[in-house]
Amino acid sequence: MAVSEEGFPARKRRPSAGAFVSPNFSDNKLLQSLFLLSQEISSLSPLRILLKKSSSSITRKSRLLSIFFEELLRNPVNVFPPSAALCFEELYIVLQRIKILLEDCSSCSKVWLLMQTPSISNSFHQLTGELSTLLDIFPGKELNLNEDVEELLNLIKKQCSEKESDFDSNDENLRVQVLKMLDDIKREIVPDTSKLSQIFDRLNLNNSTSCSAEIENLEDEVQTQNDDRSKSDIVALIGLVRYGKCVLYGASTPRTTSRRRRSSVDVNFPADFRCPISLDLMRDPVVVSTGQTYDRSSIRVWIESGHNSCPKTGQTLAHTQLIPNVALKNLIAMWCREQRIPFESTETNVKLNGVVLNKTALEATKMTVTFLLNKLMASQLPEALNRMVHELRVLAKTDSDSRACIAEAGALPLLVKILGSEHPNLQVNAVTTILNLSILEANKTRIMETDGVLNGIIEVLRSGATWEAKGNAAATIFSLTGVHAYRKRLGRKTSVVNGLLDLAREGPTNTKMDAMVAILNLACDREAVGKLIEGGVVDMVAEVINSLTEEAVTILEVVLKRGGLAAIVAAHHRNMMKKLATVLRDGSDRAKESAAATLVIICRKGGSEMVSELASITGIERVVWEIMGMGTGRAKRKAGTLMRILRRWAAGQIEDHVDIGQSTTVTMNSTRLVLPG
């Protein structure tokens, strides 16, 4: 079989703190708690789809126990015999476990519950046996029970001691059918639609909405498992449900309202939680030598691809050690819990020694993609197209295998035709699907080489129907610039450069951010810097520096390093020096660091006029001095260099060769301060 029975261990749901601990109650308080607990269990809704016999049987016994405890409360006993008190304590623990089991079965995924019916049925049987044992040793005679109560106790004992099995053969037959279907999928046999429909009907998965909720519940189940094998097997079930949802009920209509539990696809998460490389929510944030934070998987691919620089700042990495950012990871985890977003990765390609363990999930994904693309080619109505493309968008966000399947199946040429759609939602879903596909390295090449795709993205960037579409086009450009050759190619395109600069000036904050990170990546190439300067990158920085300070100053620093000084000098009348000094005083630590580095470059290479302009700013030395004492390590070094330049300038000690630092020599002519090398 594709998924073995051993592949579905008992669900690791965390019990309540008091589930297996004897309560520290007085006798009467304990009896009252037993009565309330048994009432809670008997009031729970019975399981209506699976394990009906087992759940109904134990709920019925709990109802009888609640009557028994109520009768005891009507005839209170001052002090119970020790043996009775001990039985009550043990009964409390067993009833707590029954309650948790019933609640767990009611709230979990139906397919997952089906896979566990043998073990859960056995759990119900064991709990009934424990009730029977405790009732057998219960000292009823010592409590002087009246005849009616004693008769009730004997009835409960009899029911708990009955040996008949509550196992439902219908549940087992259905479970075998699902396992057989998973095995067929693994062997690349497309499921029979009528059989698939029968299974989904039995599980009450009778529309697209219920299937989407089932997928969400299965994703929750992944988070409860600790071993990769179990996670992989559950993801195979997700693949089956997703395929059945599309085939039986069609792609779902994109939701615009809030959901019980969302994914990061549907949520605008804080910018600090976004990996600058993948643009996705960081799952394992790590810090590189420059102090920037990235998702571990993304920065690892970047480094292994031969890059020795920081993707965000362009600085050379002093080393490739990745330091876990535990504090940020905890913040992201807390935020995800509040937003009901799964935090841990649920990718299907769980690997052991590099070998994919679950072929079933992969084949289910391929079948789903094939079905969606066939429907996409046959559909003409915008509403139907939007549903199909949205389904592809969500699937492309899931994992690298899905991204590969979608691109390999030929989705890009179909998506290109939709990029120019006049329907805003359809255009957004199309460009976002391409963005999600671009996360996979191999797909970057497909996007760059497939006719019309790049031009379509650029067109959306320049004249998209919504800011969201434009922002996601910019994010796609950023993703593509992760490959050095594509960065150079994109940087030579005036339409790309001007589109990004316009978006950075005019868009809402999130959209501006997408444009800014793409511009920063382009600025790492000297040839692209020339294009950016021609397009007015310095003027753009001056316009947005108050709202997106860190990004703006970092771009300015990188542009300066690659020959953009003339543009700064030309923009002198725009008070760029004053703006940088303000950042130096009021910005974040990261912004102050970049501002100090930028001012050092300007003062070294910009001539005495620029140094004079900086020195004329009121309180600048005090601001620089404060950074020397309390800034980041790099900020302290840059501030120290800046202070030495200002002091030398103020003292009139500018000579042909003036040493302003341990390893820095400044050469001076009549108008220009030059940094050799």
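Residues numbered from 1 in each chain as written. Predicted model: local features only at pLDDT ≥ 70, side-chain atom pairs only at ≥ 80, totals over all residues. Heavy atoms only, no water.

1. Considering the overall build of the protein chain
The helix and strand tally for the protein chain stands at 32 helices and eight strands. Here the protein chain holds 677 residues, and 54% of them are scored as buried. Put simply, the protein chain shows about 30,100 Å² of open surface, and 48% of that area lies on carbon and sulfur atoms. (Helix = DSSP H or I, 4+ residues; strand = E, 2+ residues; numbered from the N terminus. Buried < 20%, exposed > 50% of the residue type's maximum accessible area, 1.4 Å probe, protein only. Areas by Shrake-Rupley, 256 points an atom, 1.4 Å probe, with all protein chains shown as cover.)

2. Focus on the state of the cysteines
Tallied over the entire structure, the rule returns zero disulfides. Free cysteine Cys 105: the closest other cysteine sulfur is in Cys 108, separated by 5.8 Å. Among the residues examined, Cys 105 registers a relative accessible area of 6% and is labelled buried. (Disulfide = S-S within 2.5 Å.)

3. As for the side chain of Ser 479
One can find Ser 479 in helix α20 (residues 467-480). A residue is classified by how much of its surface remains accessible, and Ser 479, at 6% relative accessible area, is buried. Polar side-chain contacts of Ser 479 include one of 2.9 Å to the side chain of Ser 438. Residues in contact with Ser 479, not counting those within four places in the same chain, are Ser 438, Ile 439 and Lys 444. (Polar contact = N/O pair within 3.5 Å; in protein donor to acceptor, adjacent residues only side chain to side chain. Contact = heavy atoms within 4.5 Å.)

4. Focus: the packing of aromatic side chains
Aromatic ring pairs are described here by two measures, namely the spacing of the ring centres and the angle between the planes. If you walk through the whole model with that rule in mind, you get five aromatic pairs. Each ring, one from Phe 68 and one from Phe 138, has its centre 5.8 Å from the other, and the planes form 80°; the classification is edge-to-face. With a gap of 70 residues between them, Phe 68 in helix α2 (residues 52-74) and Phe 138 in the loop between α5 (117-136) and α6 (147-161) connect regions that are remote in the sequence. The two residues Phe 68 and Phe 138 agree in class, both being buried. A ring pair is formed by Phe 69 and Phe 88, whose centres lie 6.4 Å apart and whose planes are at 75°; its orientation type is edge-to-face. (Phe/Tyr/Trp six-rings, centres within 6.5 Å; stacked < 30°, edge-to-face > 60°.)

5. Some remarks on helix α23 (residues 509-522)
With 14 residues, α23 extends 20 Å from end C-alpha to end C-alpha; this agrees with the ideal 20 Å at 1.5 Å per step. Counting buried positions along α23 yields 12 of 14 residues, so the element is predominantly enclosed. The complete set of buried residues in α23 reads Thr 511, Lys 512, Met 513, Asp 514, Ala 515, Met 516, Val 517, Ala 518, Ile 519, Leu 520, Asn 521 and Leu 522. The inward-facing, buried residues of α23 contact α20, α21 (484-491), α22 (494-506), α24 (526-535), α25 (537-544) and α26 (549-561). (Expected span 1.5 Å × (residues − 1).)

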